[in-house]
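# Structural characterization, general
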Amino acid sequence: MSDSLAARSCMCRPQSASSGAMDDPRQLLEEGRFEELAHDDHPLWRGLALLELKRWAEAGRTFEEAGQSGTMLELAGAARWLAGERESAVERWIAALDAGYEGPSSRLKPPALLLYAGTRLGDERYALRGTRLLTKTWKPKIQRIWPGPVAGFLLGKVDEQSFLEDGYSDPDLEARRLASAHFWVALKQPQKAREHYQAAIANEGAAVLEVEHHLAHGELAR
């Protein structure tokens, strides 16, 4: 994927209102200083730190109180899922279907999460709904912009090798893409799932921004 496409796919990185140069939330994230980051002014950074600290109920409330953006609802759902509140998690991911996103490719993540939930819960309603929405939304041009390839892979339109290897030159974006990609490969390749879940959590820096990173932690703890 080219850098120009990478820029379009990159989620905004909010700065803390009170953070100085030495307390950049991205730096705290990269250094694993989650206890400090859990007191950040911005709910995204605060919630991510709480997820890493396994304070899932607090993380869920933090994301939910931040508003109804797609990204916040995805993460709120992950927090509820990790807390064992599976139906509440699915409710957040269903709400994300109608939430605001920066581009059409980003809208493919909530249906994928429904497919994941349906698979794990053994509930065909969620799995079928997720698959149906992925099929309806996916188009070849979306394939060029992450997370578009997730839909293509789950629908069998993209092979595993290219899905894992076609990446970004920017190391932070690539770390995030790989965390996501390995998570979805694990879902489709259960015999190699542990290997891919471990790859999804290997980067504890930029990859922490991806909902799949946190869900992979949960899968390894099962």
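The structure we're discussing is the one just above.
## Looking at the overall build of the chain
- When you go through the chain residue by residue, the secondary structure sums to 14 helices and 0 strands.
- Along the chain, helices (α) and strands (β) appear in the sequence α-α-α-α-α-α-α-α-α-α-α-α-α-α when read from the amino end.
- In terms of its C-alpha atoms, the chain occupies a principal-axis envelope of roughly 45 × 40 × 35 Å.
- The proportion of buried residues among the 222 residues of the chain is 53%.
- Considering only residue pairs separated by 6 or more positions, the chain has 51% of its internal contacts joining residues 24 or more positions apart.

## Overview of the packing of aromatic side chains
- Applying the stated rule across the entire model yields 8 aromatic pairs.
- Ring centres of Phe183 and Trp184 lie 4.9 Å apart, and the angle between their planes is 85°; on these two criteria the pair is classed as edge-to-face. For the pair formed by Phe183 and Trp184, the shared burial category is buried.
- In textbook terms, an aromatic cluster arises when at least three aromatic residues are bridged by ring pairs, as seen for Trp81, Trp93, Tyr116, Phe183, Trp184 and Tyr197.
- Above the face of the Tyr126 ring, Arg125 is positioned so that its terminal group lies 5.0 Å from the ring centre.
- The residue whose ring lies beneath Lys188 is Phe153, and the NZ or CZ to ring-centre distance is 4.8 Å.

## Re helix H5 (residues 56–65)
- Where H5 is concerned, the buried positions are Ala59, Gly60, Thr62 and Phe63. Looking down the long axis of H5, one finds its buried residues gathered within 165° of arc, a one-sided arrangement.
- Elements that come into contact with the buried residues of H5 comprise helix H4 (43–52) and helix H6 (70–82).
- At the exit of H5 stands Gly67, carrying a positive phi of roughly 130°.

## Here's the deal with the nonpolar core
- In terms of nonpolar packing, the biggest core is built from 62 residues, with Phe63, Phe163, Trp184 and Leu215 touching the most fellow members.
- Filtering out sequence-adjacent residues up to four positions away, Leu215 remains in contact with Ala78, Trp81, Trp93, Leu113, Tyr116 and Phe183.

## Some points on the pattern of salt bridges
- Within the structure shown, the criterion is met by 16 salt bridges.
- For Lys109, the salt bridge identified is with Glu212, shortest N-O distance 3.1 Å. A residue pair is termed long-range when its members are at least 10 positions apart, and Lys109 in helix H8 (residues 109–121) and Glu212 in helix H14 (residues 211–220) qualify at 103 residues.
- Judged by relative accessible area, Glu212 falls into the buried class, the value being 0%.
- Between Asp123 and Arg125 there is a salt bridge, with its nearest N and O atoms 2.6 Å apart.
- On the basis of relative accessibility, which here comes to 15%, the residue Asp123 falls in the buried class.
- With a relative accessible area of 57%, Arg125 lands in the exposed category.
- Taken together, the salt bridges that share partners define one network made up of Glu64, Arg80, Glu85, Glu91 and Arg92.

## What about the packing of H4 against H14?
- Running from amino to carboxyl end, H4 crosses H14 at an angle of 15°, the nearest separation of the two axes being 11 Å. It follows that H4 is roughly parallel to H14 by the angle criterion. For the element pair H4 and H14, the recorded crossing hand is left-handed. Facing H4, whose interface residues are Leu48, Leu51 and Glu52, H14 presents His213, His214 and His217.
- Grouping the constituent residues of the contact of H4 with H14 by class yields 2 nonpolar, 3 polar and 1 charged.

## Notes on the side chain of Arg80
- Its location among the elements puts Arg80 in helix H6.
- Leave out the neighbours within four places in its chain, and Arg80 touches Gly60, Arg61, Glu64, Glu85, Arg86, Ser88, Ala89 and Arg92.

## Some remarks on helix H9 (residues 124–137)
- The end-to-end C-alpha distance of H9, which contains 14 residues, comes to 20 Å, matching closely the 20 Å that a straight helix rising 1.5 Å per residue would cover.
- Tyr126, Ala127, Gly130 and Leu134 are the residues of H9 that are buried. Down the axis of H9, the smallest arc covering the buried residues is 100°, so these residues share one side. Turned more than 90 degrees away from the buried face of H9 sit Glu124, Arg125, Leu128, Arg132 and Lys136, all of them exposed.

Conventions we followed
- Residues numbered from 1 in each chain as written.
- Predicted model: local features only at pLDDT ≥ 70, side-chain atom pairs only at ≥ 80, totals over all residues.
- Heavy atoms only, no water.
- Helix = DSSP H or I, 4+ residues; strand = E, 2+ residues; numbered from the N terminus.
- Buried < 20%, exposed > 50% of the residue type's maximum accessible area, 1.4 Å probe, protein only.
- Contact = heavy atoms within 4.5 Å.
- Phe/Tyr/Trp six-rings, centres within 6.5 Å; stacked < 30°, edge-to-face > 60°.
- Lys NZ or Arg CZ within 6 Å of the ring centre and 35° of its normal.
- Arc of directions from axis to C-beta.
- Core = buried A, V, L, I, M, F, W, Y, C linked by side-chain atoms within 4.5 Å.
- Salt bridge = Lys/Arg side-chain N within 4 Å of Asp/Glu carboxyl O.
- Axes fitted to C-alpha atoms, helices over the stretch in contact; angles between N-to-C directions.
- Parallel < 35°, antiparallel > 145°, perpendicular 65-115°, else oblique.
- Left-handed = near helix turned anticlockwise from the far one by under 90°.
- Nonpolar A, V, L, I, M, F, W, Y, C, P; charged D, E, K, R; others polar.
- Expected span 1.5 Å × (residues − 1).

It is worth stressing that arrangement in space is one thing and function is another; only the former is reported here.
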